[in-house]
There are 2 protein chains.
Amino acid sequence: MRLAELSERSGVSTATIKYYLREGLLTPGRQINTTTAEYDEEHLRRLRLIRAMIQVGRVPVATVKEVLGHVDDDSLPRAMRLGAAVWALPQVPEPDADDEFVQGARVAMEELLRTLGWANAQAMTSVSPSFRSLVVAAAALRRLGYDWSPETLVPYARLMRQVAELDMEFMESHVSEAEKAEVAVLGAVLVEPMLQALHRLAQEEESTRRYGFE
Amino acid sequence: MRLAELSERSGVSTATIKYYLREGLLTPGRQINTTTAEYDEEHLRRLRLIRAMIQVGRVPVATVKEVLGHVDDDSLPRAMRLGAAVWALPQVPEPDADDEFVQGARVAMEELLRTLGWANAQAMTSVSPSFRSLVVAAAALRRLGYDWSPETLVPYARLMRQVAELDMEFMESHVSEAEKAEVAVLGAVLVEPMLQALHRLAQEEESTRRYGFE
């Protein structure tokens, strides 16, 4: 397809597509003559992923480029490729290691992972930005005087593990490795708001079921 | 306790506490003489809640006031009091009803709730801001060509229902009605980032378990 059709089908203006091409977010089309290039379905898919990150996920352009670099890096083993792409998304800043609430939260969350018996726990606690997010959130609760024990979180973590299994099954329904990595990124950007909305609706349902018009 | 102690124990500066008092976010202390007021544990708890909303949840001050109004409104039935407090938190704007993806997503998400058989579904689809968030997220996925059928989301929704049951049990472990409503608000502001972090960690674990160093 030509640039005009790519623009129409993706809902991204031709000026913006040209900008993405210049920034290297999108690979160039196949040059037909000096003024015309031909684009394919893969360009369209990639453009939609870029738009999801920028418009829905508010991910900066430089970060999108980094994420896509990991998505396309077929030298990495699959788990690392998925992880690298998601890790490159904007994350919470490193918490203040001198803060007593952060220290307490870190110890408690390390204990949580040990209790869960997750094989990957050692790597998570040392490098995963998601573990850092967990520590930041737990520290905020502790600072407010809500000193949740790791045991309180165990049933939550087990349910999230079941959610992750659903994610992986959905991802595996896609064929190519690049598509699998794309789904992992989309999941982080688009599925999380959906899960959050489902969680709040479930709370409304459960609250009404329990309390009705008490 | 005096203002200085309230400030020290809450980690909120005296100037900020005075600002919250002026704005009516915090009820005045018991006046001992013309220059001194006495504060109690309830002030401290409330101050921590305000701080959670403003600093962690980035909730605007006017919205905090509205949320607290619902938390304190003991004329409402419990389920409505909890709902009103959470609904008053910042929500996604109303989606464009003329957008074909929004229309398709709304139909699909209404079908999802019918499939789940949630008793409260009718009220949710007409007024809940969480249903609106769900439609916005589903429309974003559809626009990207990911046309998830409602059936795909059913197992996710059932797991979120189990999460909501854990939330309610935790909430019920608190005694007063005001504290229960506070926990509902804190849940929305502080527990959601925690669930999100647990979800991503579970993905890492599941991804490593499945693919290792493939």
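Residues numbered from 1 in each chain as written. Chains lettered and ligands numbered in written order. Predicted model: local features only at pLDDT ≥ 70, side-chain atom pairs only at ≥ 80, totals over all residues. Heavy atoms only, no water.

As annotated in an unreviewed UniProt entry, chain A carries the name MerR family transcriptional regulator and is attributed to Streptomyces aquilus.

What follows is about the nonpolar core. Judged by nonpolar contacts, the single largest core of 152 residues is most densely connected at A:Met53, A:Met109, A:Leu134, B:Met53, B:Met109 and B:Leu134. Excluding anything up to four places from it in sequence, A:Met109 contacts A:Phe131, A:Leu134, A:Val135, A:Ala138, A:Leu153 and B:Met194. (Core = buried A, V, L, I, M, F, W, Y, C linked by side-chain atoms within 4.5 Å. Buried < 20%, exposed > 50% of the residue type's maximum accessible area, 1.4 Å probe, protein only. Contact = heavy atoms within 4.5 Å.)

Another point: the pattern of salt bridges. If the charged atoms of two oppositely charged side chains come close together, the side chains can form a pair. A complete count under the given rule lists 27 salt bridges over all chains for this structure. The residue B:Glu5 makes a salt bridge to B:Arg9 at a minimum N-O spacing of 3.9 Å. Taken together, the residues B:Glu5 and B:Arg9, both in helix α1 (residues 3-10) and 4 residues apart, mark about one turn of the helix. Assessed through its relative accessible area of 37%, B:Glu5 is described here as partly exposed. Where B:Glu41 meets B:Arg9, a salt bridge forms, and the shortest distance between an N and an O atom there is 3.1 Å. Of this pair, B:Glu41 sits in helix α3 (residues 41-56) while B:Arg9 is found in helix α1, placing the two residues 32 residues apart along the sequence. Overall, B:Glu41 belongs to the partly exposed group, its relative accessible area being 47%. For B:Arg9, a relative accessible area of 37% puts it in the partly exposed group. Taken together, the shared-partner salt bridges in this structure form one network comprising A:Arg161, A:Glu169, A:Glu172, B:Glu206, B:Arg209 and B:Arg210. (Salt bridge = Lys/Arg side-chain N within 4 Å of Asp/Glu carboxyl O. Helix = DSSP H or I, 4+ residues; strand = E, 2+ residues; numbered from the N terminus.)

With that settled, the discussion passes to the interface of chain A and chain B. Where the parts come together, the accessible area they lose is often given as the size of the interface. Taken residue by residue, the interface counts 83 residues in chain A and 83 residues in chain B. Between chain A and chain B, the buried area comes to about 7,900 Å², and carbon and sulfur atoms account for 68% of it. Taken together, the links from chain A to chain B amount to 22 residue pairs in polar contact (both at pLDDT 80 or more). Sorting the residues of the side of chain A that touches chain B by element identifies α3 (41-56), α5 (78-87), α6 (100-116), α7 (121-127), α8 (129-143), α9 (150-172) and α10 (177-211) of chain A as the ones contributing at least two each. In terms of residues, the side of chain A that touches chain B owes the most to one element, α10(A), which gives 26 residues. Among the residues forming the side of chain A that touches chain B, the class breakdown is 50 nonpolar, 15 polar and 18 charged. (Buried area = accessible area lost by both parts, 1.4 Å probe. Polar contact = N/O pair within 3.5 Å; in protein donor to acceptor, adjacent residues only side chain to side chain. Nonpolar A, V, L, I, M, F, W, Y, C, P; charged D, E, K, R; others polar.)

We now examine the domain arrangement of chain A. All names here are of chain A. When cut into domains, chain A gives domain 1 (3-76) and domain 2 (100-211). Just the C-alpha atoms count here: the centres of domain 1 and domain 2 sit 31 Å apart. Counting from both sides, the interface comprises 9 residues of domain 1 and, opposite them, 8 residues of domain 2. Taken together, the two surfaces of domain 1 and domain 2 that pack against each other cover about 800 Å², and 75% of this comes from carbon and sulfur. Interface area lost by domain 1 to domain 2 is led by Arg45, Leu49 and Val71, which between them contribute 57%. Taken together, the connections running from domain 1 to domain 2 amount to 3 salt bridges. (Domains from an automatic or database assignment.)

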